[in-house]
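Overview (structure and organization)
Okay, here's what each chain looks like letter by letter:
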Amino acid sequence: MTFHFDHSWKRSLPGTFLEHFPDPAPAPRLVVLNQALAQDLGLDAGALAEHGADWFSGAALPPGADPIALAYAGHQFGGFSAVLGDGRAHLLGEMVTPLGRFDLQLKGSGRTPFSRGGDGKAAIGPMLREYLMSEYMAAVGVPTTRCLAVVTTGQEVYRDTGALPGAVVARVAASHIRVGSFQFLAARKESEKLRALLNFTLARHDPDLAPGDALGLFDRVMRRQARLIAQWMGLGFIHGVMNTDNVALSGETIDYGPCAFMESYAPGTVFSSIDRQGRYAYANQPLILGWNLARLAEALLGGFDPDPDRAVDLANERLDQITPIYDVEWLRVMQGKLGLLGQEPGDMNLARGLLTAMEGQDADWTLTFHRLAQATTTDAPALTGLFADPAGLLGWLPKWRARLAPGADARLLAANPAIIPRNHRVEQALDAATLGDLAPFEALLAAIQSPFSEAEAYMLPAPAAFGRYVTFCGT
Ligand code: AMP
Ligand code: MG
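An account of the accompanying structure is given in this report. Model, not experiment: these values are computed from the prediction.

**Remarks on the coordination of the magnesium ion (ligand 2)**
Surrounding the magnesium ion (ligand 2) are the protein donor atoms N246 (OD1) and D255 (OD), at 1.8 to 2.1 Å. A relative accessible area of 14% means that D255 is categorised as buried.

**Comments concerning the environment of S191**
Checked against the element boundaries, S191 lands in helix α6 (residues 191-205). Distance from S191 to G302, taken between C-alpha atoms, is 7.9 Å for residues 111 residues apart in sequence.

**Some points on the nonpolar core**
Formed by 127 residues in total, the largest nonpolar core has its most connected members in L128, F182, F304, L338, L372 and W400. L338 has contacts with L350, A351, L354, F369, L372, W396, W400, L404 and L412, leaving out every residue within four places of it along the chain.

**Some points on the site of ligand 1**
Around ligand 1, the structure places 18 residues, and the nearest of them are G85, G87, G120, N246 and D255. Contact between ligand 1 and G85: an oxygen atom at 2.6 Å from a main-chain N or O atom of the residue. D119 places a polar side-chain atom, nitrogen or oxygen, 3.0 Å from a nitrogen atom of ligand 1. Contact with the protein chains hides 87% of the accessible area of ligand 1, taken as 480 Å² for the molecule alone. Along the lines of polarity and charge, the residues of the shell around ligand 1 split into 2 nonpolar, 8 polar and 8 charged.

**Focus: the pattern of salt bridges**
Applying the stated criterion across every chain yields a total of 29 salt bridges. R318 serves as the salt-bridge partner of E317, at 3.9 Å between the closest nitrogen and oxygen. Residue classification places R318 among the buried positions, given a relative accessible area of 14%. Through salt bridges that share partners, K107, E130, R171, R178 and D255 make up one connected network.

**Re the packing of aromatic side chains**
Overall, the coordinates contain 17 aromatic pairs when judged by the stated rule. Taking the centre distance of 5.5 Å and the plane angle of 15 degrees together, the rings of W396 and W400 count as stacked. Here W396 pairs with W400, and both are found in helix α13 (residues 391-403), just 4 residues apart, close to one helical turn. Judged by its relative accessible area of 3%, W396 is buried. With a relative accessible area of 0%, W400 lands in the buried category.

**Here we look at the pairing of strand β8 (residues 100-107)**
Where burial is concerned, most of β8 is hidden: 6 out of the 8 residues are buried. The turn joining strand β7 (residues 89-97) and β8, which pair antiparallel and follow one another in sequence, is formed by 2 residues. Pairing geometry for β8 and strand β10 (residues 162-173), over 5 bridges, is antiparallel. Each bridged residue has a counterpart across the sheet, and for D103 the counterpart in β10 is A173.

Thresholds applied
Residues numbered from 1 in each chain as written. Chains lettered and ligands numbered in written order. Predicted model: local features only at pLDDT ≥ 70, side-chain atom pairs only at ≥ 80, totals over all residues. Heavy atoms only, no water. Donors = N, O, S within 2.8 Å, 3.2 Å for Na, K, Ca; no water. Buried < 20%, exposed > 50% of the residue type's maximum accessible area, 1.4 Å probe, protein only. Helix = DSSP H or I, 4+ residues; strand = E, 2+ residues; numbered from the N terminus. Core = buried A, V, L, I, M, F, W, Y, C linked by side-chain atoms within 4.5 Å. Contact = heavy atoms within 4.5 Å. Near = heavy atom within 4 Å. Polar contact = N/O pair within 3.5 Å; in protein donor to acceptor, adjacent residues only side chain to side chain. Areas by Shrake-Rupley, 256 points an atom, 1.4 Å probe, with all protein chains shown as cover. Nonpolar A, V, L, I, M, F, W, Y, C, P; charged D, E, K, R; others polar. Salt bridge = Lys/Arg side-chain N within 4 Å of Asp/Glu carboxyl O. Phe/Tyr/Trp six-rings, centres within 6.5 Å; stacked < 30°, edge-to-face > 60°. Pairing = 2+ DSSP bridges.

Shown next, in the form of structure tokens:
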């Protein structure tokens, strides 16, 4: 048997899901199968190649699957919806694997009772984008959900741009427990069910903590999320929809919608067409982290202490710690990116000094850090040439060199990828795939899976003619 499914969500958390089947796809075709992930999960890759088109499209469920659509709430761009839920996704079950327990979810698999006005479907471009972006995150060591496969359904979906090939992604996640999962029950004042979800989450992600330990869970989530966002910031990753329904308690990056990587460093960078206020701009992500954690604290409040005043005090103590905890994580990321050994009091200023030197200089984020390795002893033109005016950089470099220890070059190259999924390359690959040509997608996928290997064609920023990049949620 390929999958060893369990269904603990269904067993333990009544009232937080609906039993519901994916739409059977009329003519499913496997577009990409993640052989490496299948192998890591102990899945039979041969069986997946043979049956994946059916299993991952809803045409025929894998043996042992028992699909449900999860209920959750969420703050979207600051506004609360008491019921969102899986409007186009089906959780097939939890895979019990050599690496632990993982949710297997289909996304784009048809309407559910949570679909509201949506069609429950997805187009091939956004599903392949999720595949690419999550594979990249995995390749650079950032916690993320993964994609096991993308399948086209043989059905068209209709979007602003016209009819597009429909597709489903099979997503593997440490869990789909979101801040919004807790908000859903808290908004309904379902204290029994909230406690069940708390204990379910603890058992799944923090089994060393005692049942009922809401404060302990909150502290763990705070640390995981702070580390995650710090890693995003180090890579120039902009998630684009940091709504509370897209924040996983596992600490994995989840829901790759309008996300993209920043090219020139500019703190206010926003790509998503719907983020008109820049709520989820690059430099706002740490602030939004705090905002989202405050929403989690509200939902967990009853578990913090039976006395409401005391619970609020405990929550506020935690919330005051978010910024210092995030700063420690960010500093750790930056110390790595600057090739520093150990920690010294001046490191925060050193890190901020480079950002100040980069600002307004049109300096490519990824290449600036990648090329620091060439500048440990001389002012390498490959680095200074990235800056419109390198005066600030030239002032900063000697301070940085004074802090370097032997072996910095190798540390720098190991911490600073040569490659990110460049926006123009992603668009080119997804456009071609939409027209049926997978070659550019496959070449890009191969390049981003070896992010520390230099490959000129995938390293360069978008040409000026590409213009300002705008992304869409793909819904
Ligand atoms: P997202 O911004 O992709 O995380 O989605 C937010 C909410 O909208 C979730 O409840 C989704 O299930 C729902 N949703 C997104 N796209 C669709 C769609 N095409 N059909 C139905 N529901 C959708
Ligand atoms: Mg979502």
